[in-house]
Structure formats: C-alpha cells, structure tokens
Amino acid sequence: MASFPSYRPRRLRRTSGLRRAFAETSLDPARLVAPLFVKEGIDEPSPITSMPGLHQHTLDSVVKEARELSERALAGVILFGVPAHKDAAGSEAAAPDGISQRALRAVKDELGDGMVVMADLCLCEYTDHGHCGILQDAAVDNDATLEAYGSIAVAQAEAGADIVAPSGMMDGQVGAIRAALDAAGFSEAALLSYAAKYASSFYGPFREAAEGAPRFGDRRSYQQDPGNVREALRETALDIAEGADAVMVKPALHYLDVLRAVKDQFHHPTAAYNVSGEYAMLMAAAERGWIDERAATLETLTSIRRAGADLIITYHAKKAAEWLA
Ligand code: PBG
C-alpha cells in the first residue's frame, strides 16, 4: 500500500461535527439584507407574481415585515419605493413626504440602531419613462442626473437611512452624492455603491415589483456589458476614490468571478446582490419539485459568501434566517 496516500481528506468529512469544525465559509443571518418594496396607494400587501412569497407592501405592512425580520437578526433591509405618481424628473424620489421617505422613517423608527436601514437610490421607479436618470433627447444626461441624485440622498438621510445605495451607474455619482450629503450636514450617512452593476436579463421580476421597467430602449448606456471584468475593477476603483464606504457587485451568481476579483483587489467592504431573476429561477424550479428550495438556497448563499461577499442582499433573507436559526 506504499502508494496509498497517508493523507485521507475524507477523515475530516466523517461527522457533522468534523465538517462544521473545518468549514471554510460561514453563513449567518447577520450577513443578509432583505429588500422591501413599499407602494403608495394600496390598502393591502400585493403579491408579486414572479417573486413567490414576496409582496409590495403598504406603510403598515412594511413596518410589520421589518419587525419580523428584526426578530431573525438580519443585517438589515433595503427599501424600494413605488410612488403613485411618476413624472419625467422622478420628483417623488426626493420628496420629503414621498412614499420612500415615509417608509424609511417608519422602518427606522421600528428597527432603531440594531439593524441597518438602507435606501436604494435611483430614479427608475419614479420616472414616467422608467430610465435611471434625467433624459435629454431620449438619452440619459449624466450630469443633470447627478444633481437629482444629490437631492434624493439628502432626503433619504433626513428620513433616517443609515446607508444610501446608488444603483443608477452614472459616472461620478458617488462623489456627487458624498458632496451633497456632507454639504447638508449628513457626513455620517454611509454610502454603499452599486459599483459593478451589469445590464442583466435577470432583473425582470424586480421591474414588476418596483414598476420601473424602461418604456423604451434598455440600460446598456449606463450599466455594464456582461463580458467585462476589467471594467468592473475600474468602476470599483473610481467609487472607492470618490468615497464609497462599501461596494457591490450585481447580479451575484453569474458574476462570482467579478465579486472575487473586486474583493481581492480592493479589500473594501463588499456586498453582492442576489437579484430577482436568480430568486425567481430557484423558486420556480422548487415549486415544480425539481430542486429542493432549502438546500438550493443555502448552497446559493454560501457560494456568494465563498466568492467574497461580506453582505448579501437577497430575497431569500427571511427564510434563510429561519433555516439558519
Ligand atoms: C434600480 C434597480 C434595479 C435593481 C435594483 N435597483 C433594476 C434595474 O437596474 O433595472 C434590480 C434588482 C433585482 O433584480 O433584484 N436601478
């Protein structure tokens, strides 16, 4: 047996205790962030067809949901508002008494400082054309959009957001938002930038939930092409230089290599967004009995952690936290 190896990897896999003791990656609810949708003008939570188990919330039901999440000790929540009235400038996004700011205030009141309250910062849910910025001749005007983003950030910080998370992929957005927050006295408000966000086909269910699909064209003039990774590193470097406290890669699963590269290169706090289409695919297969929801979800989240995510924004957050408890 001289040729048989004296090192047998299976020894450390023999019992659940051994496997746990030598696990390289941990998953716990404190690493998970739950997205929440709040819609103006509805009386009851409204189920999102393409995202089984999730709802567009009322102001009351979003607070109740936040309370249930806090009992499961998640890292936090990220809020998306769906206003009743949209216009070309997306003016409801920065309205101090708009649905998003009212929801932020209510959720922050409920959660206090024990859980992080994030505000997604974008215009697509608020504009009548569904693009993430201000249009000039049917194209998104980068610098006019930056001004709007600054006002939205200030309104969100004022409403109690611990973190604002710009997702519009405009050039210079992190610097512009940081400057606007500081000038308004919110130097403590933190910034999580969607640094490497791809023009992905996996956002479809979200656009149903947030009612923010573009009315014409697509987002490829501001979001990245799926094949580019060096571009993601340049985007991330810029965001960090402009003052991003944490950076994000989105989507997660088809971009785990990008996530790993961002983490290794910058050693910055790093989040990944396990997006709506990823959730929908898993849930659709699970509903048909083709895969096991619990096992597939925990494997998915573990893989995103293994690839370098400190935080995962995921629609699986609530159930995963229950399974992990
Ligand atoms: C807004 C925004 C989008 C998502 C998060 N913020 C949609 C988009 O860029 O079209 C997608 C999230 C998901 O699919 O879960 N810009």
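Residues numbered from 1 in each chain as written. Predicted model: local features only at pLDDT ≥ 70, side-chain atom pairs only at ≥ 80, totals over all residues. Heavy atoms only, no water.

Engineer: How should the overall build of the protein be read in this particular structure?
Structural biologist: Looking only at helices and strands, one finds 11 helices and 12 strands in the protein. Relative to a compact globule of 325 residues, whose C-alpha radius of gyration would be 20 Å, the protein shows 20 Å and is just as compact. Projecting the C-alpha coordinates of the protein onto the three principal axes gives extents of approximately 75 × 45 × 40 Å. The 325 residues of the protein split such that 52% are buried. Here the contacts in the protein between residues at least 6 apart in sequence split such that 75% fall between residues at least 24 apart. (Helix = DSSP H or I, 4+ residues; strand = E, 2+ residues; numbered from the N terminus. Rg over C-alpha atoms; globule rule 2.2 N^0.38 Å. Buried < 20%, exposed > 50% of the residue type's maximum accessible area, 1.4 Å probe, protein only. Contact = heavy atoms within 4.5 Å.)

Engineer: What should I look at first to understand the site of the ligand in this one?
Structural biologist: What surrounds the ligand is a group of 18 residues, the closest being Lys197, Arg207, Lys250, Ser276 and Tyr315. Between the ligand and lysine 197, the relevant distance is 2.7 Å, taken from an oxygen atom to a side-chain nitrogen or oxygen of the residue. The side chain of arginine 207 places a nitrogen or oxygen atom 2.6 Å from an oxygen atom of the ligand. Protein burial of the ligand: of its 400 Å² of free accessible surface, 100% is covered by the chains. (Near = heavy atom within 4 Å. Polar contact = N/O pair within 3.5 Å; in protein donor to acceptor, adjacent residues only side chain to side chain. Areas by Shrake-Rupley, 256 points an atom, 1.4 Å probe, with all protein chains shown as cover.)

Engineer: How do you make sense of the pairing of strand E11 (residues 270-274) when you look at a structure like this?
Structural biologist: Side chains on a regular strand alternate between the two faces of the sheet. By the criterion of burial, E11 is predominantly enclosed, with 5 of the 5 residues buried. The side-chain alternation of E11 yields two buried faces, one formed by Thr270, Ala272 and Asn274 and the other by Ala271 and Tyr273. Examined bridge by bridge, strand E10 (residues 246-250) and E11 share 3 bridges and lie parallel to one another. Among the inter-strand pairings, valine 247 is bridged to a residue of E11, identified as threonine 270. In this region the chain leaves E10, passes through helix H8 (residues 256-266) and returns to the parallel neighbour E11; the handedness of that crossover is right-handed. (Pairing = 2+ DSSP bridges. Right-handed = clockwise from strand over helix to strand, strands pointing away.)

Engineer: How should I be thinking about the pairing of strand E5 (residues 116-121) in this particular structure?
Structural biologist: Counting buried residues along E5, 5 of its 6 residues qualify, which places the element largely inside the surrounding structure. Here 4 bridges tie strand E4 (residues 76-82) to E5, and the two strands are oriented parallel to one another. The partner of leucine 79 across the bridge, within E5, is alanine 119.

Engineer: Any chance you could explain the pattern of salt bridges here in plain terms?
Structural biologist: A side chain of one charge can pair with a side chain of the opposite charge when the charged atoms of the two come close. Across all of its chains, the model carries 14 salt bridges by this definition. With a shortest N-O distance of 3.6 Å, glutamate 68 and lysine 64 are connected by a salt bridge. One end of the pair is glutamate 68 and the other is lysine 64, both in helix H2 (residues 59-71) and 4 residues apart, which spans about a single turn. The shortest N-O distance in the salt bridge between arginine 178 and aspartate 245 comes to 3.9 Å. Taken together, the positions of arginine 178 in helix H5 (residues 173-183) and aspartate 245 in the loop between helix H7 (230-241) and E10 put the pair 67 residues apart, joining distant regions of the chain. A relative accessible area of 38% means that aspartate 245 is categorised as partly exposed. Members of the salt-bridge network, linked through shared partners, are Lys64, Glu65, Glu68 and Lys318. (Salt bridge = Lys/Arg side-chain N within 4 Å of Asp/Glu carboxyl O.)

Engineer: How should I be thinking about the packing of aromatic side chains in this particular structure?
Structural biologist: What characterises a pair of aromatic rings is the spacing of the ring centres plus the angle enclosed by the ring planes. According to the stated counting rule, one finds 8 aromatic pairs in the structure shown. Measuring from ring centre to ring centre gives 4.2 Å for tyrosine 198 and tyrosine 255, while their planes differ by 20°; the resulting arrangement is stacked. Taken as a pair, tyrosine 198 in the loop between strand E9 (190-197) and helix H6 (204-210) and tyrosine 255 in the loop between E10 and H8 lie far apart in primary sequence, 57 residues in all. Residue tyrosine 198 is classed as buried on the basis of its relative accessible area of 0%. When its relative accessible area of 7% is taken as the criterion, tyrosine 255 is described as buried. Note on tyrosine 273 and tyrosine 315: the rings are 6.1 Å apart at their centroids and 45° apart in plane angle, and the pair reads as tilted. (Phe/Tyr/Trp six-rings, centres within 6.5 Å; stacked < 30°, edge-to-face > 60°.)

Engineer: Mind showing me how you'd approach helix H11 (residues 317-324) here?
Structural biologist: In an α-helix, one full turn covers 3.6 residues, which means residues spaced three or four apart are oriented alike. Within H11, the full set of buried residues consists of Ala317, Ala320 and Ala321. Along H11, the residues classed as buried sweep out an arc of 100° about the axis, all on the same side. At its buried positions, H11 is contacted by strand E1 (32-39), helix H10 (293-306) and strand E12 (311-314). (Arc of directions from axis to C-beta.)

The values reported here are purely geometric and, on their own, carry no functional implication.
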